[in-house]
Amino acid sequence: MSKLIFLYLFSLNVWSFAQQAEVIKFDRLHSLLEEKGEKVQVINFWATWCAPCVKELPLFEALNARNEPTIKVTLVSLDFADEIKKVNSFISRRKIRSEVLLLDEIDYNSWIDRVEKSWGGAIPATLFINQSTGQRKFVDRELKDGELEEIIASLTNQ
Amino acid sequence: MKTIKLILTLICVAALVSFENPPYEIGDAVSDFKLKNVDGKMISLSDYKDQKGAIVIFDCNTCPYSKAYNDRIIELNSKYSAKGFPVITINPNDPEISPGDSFKEMASLAKKKNYTFPYLQDETQQVTRSFGATNTPHVFVLKTSGQNFNVAYIGTIDNNSRDGSAATKKYVEEAVDALLENKSIPTTRTKAIGCGIKWKD
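Overview of the structure. None of these values were measured; they are calculated from a predicted model. (Residues numbered from 1 in each chain as written. Chains lettered and ligands numbered in written order. Predicted model: local features only at pLDDT ≥ 70, side-chain atom pairs only at ≥ 80, totals over all residues.)

Remarks on unusual backbone geometry
The amide bond that connects I123 of chain A to the next residue, P124 of chain A, takes the cis arrangement and shows omega of 5 degrees. Position of P124 of chain A relative to the elements: it lies in the loop between β5 (122-123) and β6 (125-130). Geometrically, the link from T136 of chain B to P137 of chain B is a cis peptide bond, its omega value of -15 degrees lying close to zero. By secondary structure assignment, the location of P137 of chain B is in the loop between β6 (135-136) and β7 (138-145). If you check the backbone angles, N67 of chain A has positive phi at about 50 degrees while not being a glycine. Located in the positive-phi region is Q125 of chain B, a residue other than glycine, with phi close to 65 degrees. Looking at the element boundaries, Q125 of chain B is found in the loop between β5 (119-121) and α4 (126-131). The class for Q125 of chain B is partly exposed, based on 16 C-beta atoms found within 10 Å. (Helix = DSSP H or I, 4+ residues; strand = E, 2+ residues; numbered from the N terminus. Buried ≥ 20, exposed ≤ 12 C-beta atoms within 10 Å, placed from the backbone.)

Okay, structure coming up:
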């Protein structure tokens, strides 16, 4: 019993400090894509079940941790919406600090082209948008160490 | 004359350089392939030339989307093999990167789910590359015409990967039904969010 109480308290502790994924519909993602400002947006599409996605998450986390005012990192989970608990416990376990949105839109063909026409549908995929120039770069594969910075630089040093 | 020779040489060089053909588009004829089935027998696409066509699906053991679609793939074969459109599944993943997609694991899934259709391993990933498959599951509906198999539909199975009964568009069924009735296919291309194919390094 005391073990149970401990587990309960422990989980409360984790839940109260770690952030949670926000379940969204496409219109919310769309307004994120259209957001105006001075930043470079880095929007990564991933899922907890996708091994290469999970492998590259620390790159986005490191970028986010730099707190640069000119960069905004968003992690868009494509996990099934009824698996939100799994996503949230993943966020707690991995201590994810970047903003996580769970896109609850099962009819992919109704929105995928509105994110990026060249996207075949595989994840990981990452969209970079320079908000002030409107310039975009889309990468539908796993990113290597240092590549995030290179792409951001290529979008800003024009 | 010299110029012609030069041009020809340049064309040959260009052909050598661009050895990788672009992936199949709708209407393209598919090259024959021969791959090992989970029962150890070799299967060729040309074995199917007496059929009206085939539903070729790049699929695997490990991807959550493949798991979600597994029963629907079995149903597609039950529904359409007798009508002349049998299912052929091909696992494109490199088992070095994805051990759950080893030949042994493939055979065990096929046995567990009582596959009555081939589950082939694309060891060299050449067939997968020539089709231009990128995800699992990734469907190519082929239509037989003489000795050729032409691509009629490329994409996802339906519009609800999580719950087939809630799908409002069954793209593959609509495509095959249209082919069976000699009608034009309502949607010939869709995209499927799924697991990227695990390519060899």
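Section: the sheet that holds strand β3 (residues 53-58) of chain B
All names here are of chain B. What the seven strands build is an open sheet, ordered β2-β1-β5-β4-β3-β7-β8; its pairing is mixed. Each end of this open sheet is capped by a strand with a single partner; those strands are β2 (42-44) and β8 (148-155). Averaged over all pairs of adjacent strands, the angle between their axes in this sheet comes to 35 degrees, without regard to strand direction. Packed onto the sheet, helix α2 (residues 64-80) meets β3 and β4 (87-91) and runs at close to 150 degrees relative to β4. The strands touched by helix α5 (residues 171-180) within the sheet are β3, β7 and β8, with β8 carrying the most contacts at an inclination of about 145 degrees. (Pairing = 2+ DSSP bridges. Axes fitted to C-alpha atoms, helices over the stretch in contact; angles between N-to-C directions. Contact = placed C-beta atoms within 7 Å.)

What to know about α2 of chain B
All names here are of chain B. Compared with the 24 Å implied by 1.5 Å per residue over 17 residues, the 24 Å span of α2 between its first and last C-alpha is a close match. N70 marks where α2 bends most, by close to 45 degrees. Buried residues of α2: Y65, S66, Y69, I73, L76 and Y80, and no others. Lining the buried residues of α2 we find β3, β4, β6, α5 and β9 (194-196). (Expected span 1.5 Å × (residues − 1). Bend = angle between axes of the 7 residues up to and from the residue.)

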